[in-house]
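One-letter residues, chain by chain:
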Amino acid sequence: MKREIRDEYYLLTEKLEEIQLGLEGKCNDIDCDKYIYKDLLKKKYKPVLKHNFSCIDSLKREKVAVLRLLSQKRFKKYRYTKCNVCKNMLDRLGNKSTIVSFTKPAKRNKGYHEWKGIWTHKKCQSKVKITKGWDKF
Ligand SMILES: [Zn+2]
Ligand SMILES: [Zn+2]
């Protein structure tokens, strides 16, 4: 049961990202002039719909619907965490939150880097302490 809730959460957040990209002008609709992969299909494929007229409204509606689903109680555990700096609650899907990335050279594989991300509020971002041995990315 737990696993299902987690999978559902990640499915919905992926959907949300897709919608967000669409709203930013990288559409996932193959018939749209802003279709994200149209370069790959250049020769045999001509987009027909104008993104602004055909997609934006439905993307906005979808976003509201997905966000409503994601605000269900059972997703709370996945959606919210504590800010690494101020220790207050943080909404991973909110636009006040961000991930600060760190890297360090991997011990086992030369030439590779390990990565870790720390959730903080954007306003707390500059106060993230760098763990010894890691560099801010
Ligand atoms: Zn579109
Ligand atoms: Zn904070």
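In every chain, residue numbers begin from 1 and rise along the written sequence. To label them, take the chains in the order written and letter them from A, then take the ligands in the order written and number them from 1. Only residues with pLDDT of at least 70 get local features here, since the model is predicted, and only at 80 or more are side-chain atom pairs given and counted; chain-wide, interface and lining totals rely on the full set of residues. In computing side-chain properties, one takes all heavy atoms of the structure into account and sets aside hydrogens as well as water.

S.K.: Which residues make up the domain arrangement of the protein chain, and what are the values?
M.R.: For the protein chain, the domain assignment lists domain 1 (2-79) and domain 2 (83-136). One C-alpha centre belongs to domain 1, the other to domain 2; they are set 26 Å apart. Residues count as neighbours in contact if any of their non-hydrogen atoms are within 4.5 Å of one another. Contact with domain 1, which involves seven residues of that partner, is made by four residues of domain 2. For the salt bridge of Arg 79 with Asp 91, the shortest nitrogen-to-oxygen distance reads 2.7 Å. Polar contacts, as used here, are pairs of N or O atoms within 3.5 Å; protein pairs need one atom able to donate a hydrogen and one able to accept it. Residues neighboring in sequence count only if both atoms are side-chain atoms. Applying the counting criterion to the domain 1 and domain 2 interface returns three residue pairs in polar contact (both at pLDDT 80 or more). Residue assignment for the side of domain 1 that touches domain 2 shows that the elements contributing at least two residues are helix H1 (2-23) and helix H4 (76-79). Under the grouping applied here, Gly and all other residues not named as nonpolar or charged are polar, the nonpolar ones being Ala, Val, Leu, Ile, Met, Phe, Trp, Tyr, Cys and Pro and the charged ones Asp, Glu, Lys and Arg. Tallied by class, the residues present in the side of domain 1 that touches domain 2 amount to four nonpolar, one polar and two charged. Boundary definitions for the domains trace back to an automatic or database domain assignment. Salt bridge, as used here, is a side-chain nitrogen of Lys or Arg placed within 4 Å of a carboxyl oxygen of Asp or Glu. Here a helix means four or more residues in a row that DSSP labels H or I, a strand means two or more in a row labelled E, and each is numbered from the N terminus.

S.K.: Can you lay out the nonpolar core for me, pointing to particular residues and giving the numbers?
M.R.: Throughout this description, the term nonpolar core refers to a set of buried Ala, Val, Leu, Ile, Met, Phe, Trp, Tyr and Cys residues connected via side-chain atoms within 4.5 Å. Note on exposure labels: buried denotes an accessible area under 20% of the residue type's maximum, exposed denotes more than 50%, and partly exposed covers the range between, all computed with a 1.4 Å probe on protein chains only. Grouped together as the largest cluster of nonpolar side chains are 13 residues, with contacts concentrated most on Tyr 9, Leu 12, Cys 55, Val 66, Leu 70 and Phe 75. At the level of elements, H1 and helix H3 (56-70) are the ones that each hand at least two residues to this core. Looking at which element gives the most residues to this core, the answer is H1, with five residues. When neighbours within four sequence positions are excluded, Phe 75 is seen to be in contact with Ile 5, Glu 8, Tyr 9, Leu 12, Leu 69 and Leu 70. Counting residues in hydrophobic clusters, the runner-up holds five residues, among them Val 100, Phe 102, Ile 118 and Trp 134.

S.K.: Please provide a residue-by-residue account of a nonpolar patch on the surface, values included.
M.R.: Exposure above 30% relative accessible area and the lack of any salt bridge qualify a residue for a patch; like charges then connect within 9 Å, and the nonpolar side chains Val, Leu, Ile, Met, Phe, Trp and Tyr within 5 Å. Surface exposure here means Shrake-Rupley accessible area, sampled with a 1.4 Å probe, where a residue is shielded only by the protein chains that are shown. On the surface, a cluster of nonpolar side chains totalling about 390 Å² of accessible area is made up of Leu 21, Ile 36, Tyr 37 and Leu 40. Of the residues examined, Ile 36 reaches a relative accessible area of 32% and is grouped as partly exposed.

S.K.: Hey, could you go over the pattern of salt bridges for me, with residue numbers and the actual values?
M.R.: Under the defined criterion, the tally for this structure stands at five salt bridges. Between Glu 8 and Arg 74 there is a salt bridge, with its nearest N and O atoms 3.0 Å apart. Note that Glu 8 is positioned in helix H1 and Arg 74 in the loop between H3 and H4, a separation of 66 residues in sequence. Across the pair Glu 18 and Lys 15 runs a salt bridge whose closest N-O atoms are separated by 3.2 Å. Of this pair, Glu 18 and Lys 15 both sit in helix H1, separated by three residues, roughly a single helical turn. On the basis of relative accessibility, which here comes to 33%, the residue Glu 18 falls in the partly exposed class. Looking at Lys 15, the relative accessible area reads 29%, which means it is partly exposed. Look at the salt bridges and you will find they share partners, linking Lys 15, Glu 18 and Glu 62 into a network.

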